[in-house]
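A look at the structure
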Amino acid sequence: MTDIATLERDVLAALDAAADEAAVEDLRIAALGKSGSISGLLKTLGAMTPDERKEKGPLINGLRDRVQGAIAARKEALGEAALEARLSSERVDISLPVQDGPESRGRIHPISQVIDEITAIFGDMGFAIAEGPDVETDDLNFTKLNFPVGHPAREMHDTFFFAPDDNGERKLLRTHTSPVQVRTMLAQEPPVRVICPGRTYRNDSDQTHTPMFHQVEGLVIDKGAHLGHLKWILEEFCKSFFEIDDVKMRFRPSFFPFTEPSMEVDIQCSRKGGEIRFGEGDDWLEILGCGMVHPNVLRNCGVDPEIYQGFAWGMGIDRIAMLKYGMPDLRPFFEADVRWLSHYGFRPLDLPTLTGGLST
Ligand code: DAH
């Protein structure tokens, strides 16, 4: 009996004296490990007579339980003390400047930025986004948009055609985002309110044209949609996008097969010393085409022109990006030169919002 009491006293005294969790662990192994002192006592139970075991069993098991409990309590106390010591010795100086990592050197391409800006503005007006494929059928790119086969307006698009497939169908790279209007009307019952940003292709290349470029299309179909709505939407868009309080716009008659009447829109600007400013001056700059959706297009897309009417517009994203951010040449947009991108690009976390600012 004495050895059980002595053993308990010794182990508990050693536990009290243990300075850290590692020392407690050593003690646990010495007492309760495979060849530990208490494990040794437990093993002796096997060789005892039943009477002896009845007497010693509870004593030895009780010793084991108390020592186990004491070890756990000591470990927890030491762990808490160690954490406490660490918390009071470590300091974070939140007034230090943030160190720039390599990730902060990345830049958002101006096209992505401008698409986000356009999305923020039209999203606020309740427009949804619609998308379509870059490889399009002749039917959706032209025929359904009221470009009859053989119509000269088709030739103006400098289209990239693919070789005819087994059925003799000649696919093409879409020359404008207008086929997404058709796809939307075919897929969705009116009312419709969408913008369709995306890549477009024409065989053209100079300072302000590249074979791949970007457009954003807008489409509204509703029973009472009229040109007054279109004009208001475009004015609000231009004010928000160019971040000016007032904008003067000029609607000139024009021709597109898919709208009637059709218009081209200019915004007033001044050009001084090579710099373009909007909302002032006596010059005009063309920024988009628009009109009321032609009844033939509505019919081709399963919309009854006796019930519904709509308006649409199409705008070059690259062009308005160049105008807003003063980039003189379109070609470097697509040359993946990091020097150009770090000069004209945008910081990754400066997301454009109407409340927080579009470009700041
Ligand atoms: N698709 C025309 C183009 O690429 C732009 C355009 C003009 C789109 C008038 C429209 C529109 O939706 O109504 O030149």
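Procedures and definitions
- Residues numbered from 1 in each chain as written.
- Predicted model: local features only at pLDDT ≥ 70, side-chain atom pairs only at ≥ 80, totals over all residues.
- Heavy atoms only, no water.
- Domains from an automatic or database assignment.
- Axes fitted to C-alpha atoms, helices over the stretch in contact; angles between N-to-C directions.
- Helix = DSSP H or I, 4+ residues; strand = E, 2+ residues; numbered from the N terminus.
- Parallel < 35°, antiparallel > 145°, perpendicular 65-115°, else oblique.
- Left-handed = near helix turned anticlockwise from the far one by under 90°.
- Contact = heavy atoms within 4.5 Å.
- Nonpolar A, V, L, I, M, F, W, Y, C, P; charged D, E, K, R; others polar.
- Near = heavy atom within 4 Å.
- Polar contact = N/O pair within 3.5 Å; in protein donor to acceptor, adjacent residues only side chain to side chain.
- Areas by Shrake-Rupley, 256 points an atom, 1.4 Å probe, with all protein chains shown as cover.
- Core = buried A, V, L, I, M, F, W, Y, C linked by side-chain atoms within 4.5 Å.
- Buried < 20%, exposed > 50% of the residue type's maximum accessible area, 1.4 Å probe, protein only.
- Disulfide = S-S within 2.5 Å.
- Expected span 1.5 Å × (residues − 1).
- Arc of directions from axis to C-beta.
- Pairing = 2+ DSSP bridges.
- Phe/Tyr/Trp six-rings, centres within 6.5 Å; stacked < 30°, edge-to-face > 60°.
- Lys NZ or Arg CZ within 6 Å of the ring centre and 35° of its normal.

**Some points on the domain arrangement of the protein chain**
The domains assigned to the protein chain are domain 1 (2-89) and domain 2 (107-344). Computed over C-alpha atoms, the centres of domain 1 and domain 2 are 80 Å apart.

**Here's the deal with the packing of helix H5 (residues 110-124) against helix H9 (residues 227-242)**
Two elements in contact, H5 and H9, have axes separated by 10 Å at closest approach and are oriented at 130 degrees. Here H5 is positioned oblique relative to H9, judged by the angle of their axes. Every pair of crossing elements has a handedness; the one defined by H5 and H9 is right-handed. For the pair H5 and H9, the contacting residues are Val114, Glu117, Ile118, Ile121 and Phe122 in the first and Ile233, Phe237, Ser240 and Phe241 in the second. Here the contact of H5 with H9 is composed, by residue class, of seven nonpolar, one polar and one charged.

**As for the site of the ligand**
Neighbouring the ligand are 15 residues, the closest being His176, Ser178, Arg202, Gln215 and Glu217. Taking histidine 176, its side chain carries an N or O atom lying 2.9 Å from a nitrogen atom of the ligand. Between an oxygen atom of the ligand and a side-chain N or O atom of glutamine 215, the distance comes to 2.9 Å. When the free accessible area of the ligand is taken as 350 Å², the share hidden by the protein chains comes to 91%. Secondary structure elements with two or more residues in the shell around the ligand: helix H8 (178-187), strand E5 (212-222), strand E9 (283-293) and strand E10 (309-316).

**With respect to the nonpolar core**
Of all hydrophobic cores here, the largest spans 44 residues; its most connected members are Ile118, Phe122, Phe237, Phe242 and Trp313. When contributions to this core are tallied by element, the ones reaching two or more residues are H5, E5, H9, strand E7 (259-272), E9, E10 and helix H11 (317-325). The greatest single-element share of this core, amounting to seven residues, is contributed by H9. Look past the residues within four positions of phenylalanine 242 in its chain and what remains in contact with it is Ile267, Phe278, Ile320, Leu323 and Lys324.

**A few points about the packing of helix H2 (residues 21-32) against helix H3 (residues 37-44)**
Running from N to C, H2 and H3 cross one another at 20 degrees; their axes reach a closest spacing of 3 Å. By the angle between their axes, H2 is roughly parallel relative to H3. Contact with H2, carried on its side by Ala30, Ala31 and Leu32, involves Ser37, Ile38 and Ser39 of H3 and no other residues of that element. Residue composition of the contact of H2 with H3, grouped by class: four nonpolar, two polar and no charged.

**As for the environment of alanine 14**
Within the secondary structure layout, alanine 14 lies in helix H1 (residues 2-17). As a C-alpha pair, alanine 14 and leucine 27 span 13 residues in sequence and 7.7 Å in three-dimensional space.

**Quick word on the state of the cysteines**
Disulfide: a covalent bond connecting the sulfur atoms of a pair of cysteines. One pass over the full model with this rule turns up zero disulfides. With no disulfide of its own, cysteine 238 lies closest to cysteine 290 among cysteine sulfurs, the gap being 10 Å. According to the relative accessible area criterion, cysteine 238 is buried, its value standing at 0%.

**Re unusual backbone geometry**
Residue proline 191 follows proline 190 across a cis peptide bond; omega there is 5 degrees. For proline 191, the position within the fold is in the loop between H8 and strand E4 (192-201). Phi at asparagine 146 takes a positive value of approximately 70 degrees, unusual for a residue other than glycine. Backbone geometry at alanine 336 places phi at a positive 55 degrees, although glycine is not the residue there. Turning to its location among the elements, alanine 336 is positioned in the loop between H11 and helix H12 (338-344). Residue alanine 336 is classed as exposed on the basis of its relative accessible area, which comes to 74%.

**Considerations on H9**
Along its 16 residues, H9 runs 22 Å from first to last C-alpha, staying within 8% of the 22 Å computed at 1.5 Å per residue. What H9 keeps buried is the set Leu230, Ile233, Leu234, Phe237, Cys238, Phe241 and Phe242. Burial along H9 is one-sided: seen end-on, the buried residues are contained in an arc of 130 degrees.

**As for the pairing of strand E8 (residues 275-278)**
As paired strands, E7 and E8 are joined by four bridges and run antiparallel to one another. In the strand pairing of E8, lysine 272 is matched with glutamate 275. Here E7 folds back onto E8, and the loop between the two strands holds two residues, one of which, glycine 273, carries a positive phi near 55 degrees.

**Regarding the packing of aromatic side chains**
If you walk through the whole model with that rule in mind, you get 14 aromatic pairs. Summarising the aromatic geometry, the rings of tyrosine 325 and phenylalanine 346 are spaced 4.9 Å apart at their centres and angled 65 degrees between planes, so their arrangement reads as edge-to-face. Taken together, the residues span a long stretch of sequence, with tyrosine 325 in helix H11 and phenylalanine 346 in the segment after H12 at a distance of 21 residues. According to the relative accessible area criterion, phenylalanine 346 is buried, its value standing at 12%. Pairing tryptophan 340 with tyrosine 344 gives two aromatic rings, centres 5.2 Å apart and planes at 45 degrees, and the pair type is tilted. One end of the pair, tryptophan 340, and the other, tyrosine 344, are both in helix H12, four residues apart, so they sit about a helical turn from each other. A relative accessible area of 22% means that tyrosine 344 is categorised as partly exposed. Here the aromatic cluster, defined as three or more aromatic residues joined through ring pairs, consists of Phe122, Phe127, Phe237, Phe241, Phe242, Phe278 and Trp313. Directly above the ring of phenylalanine 161 sits arginine 170, whose terminal nitrogen or CZ lies 3.7 Å from the centroid.

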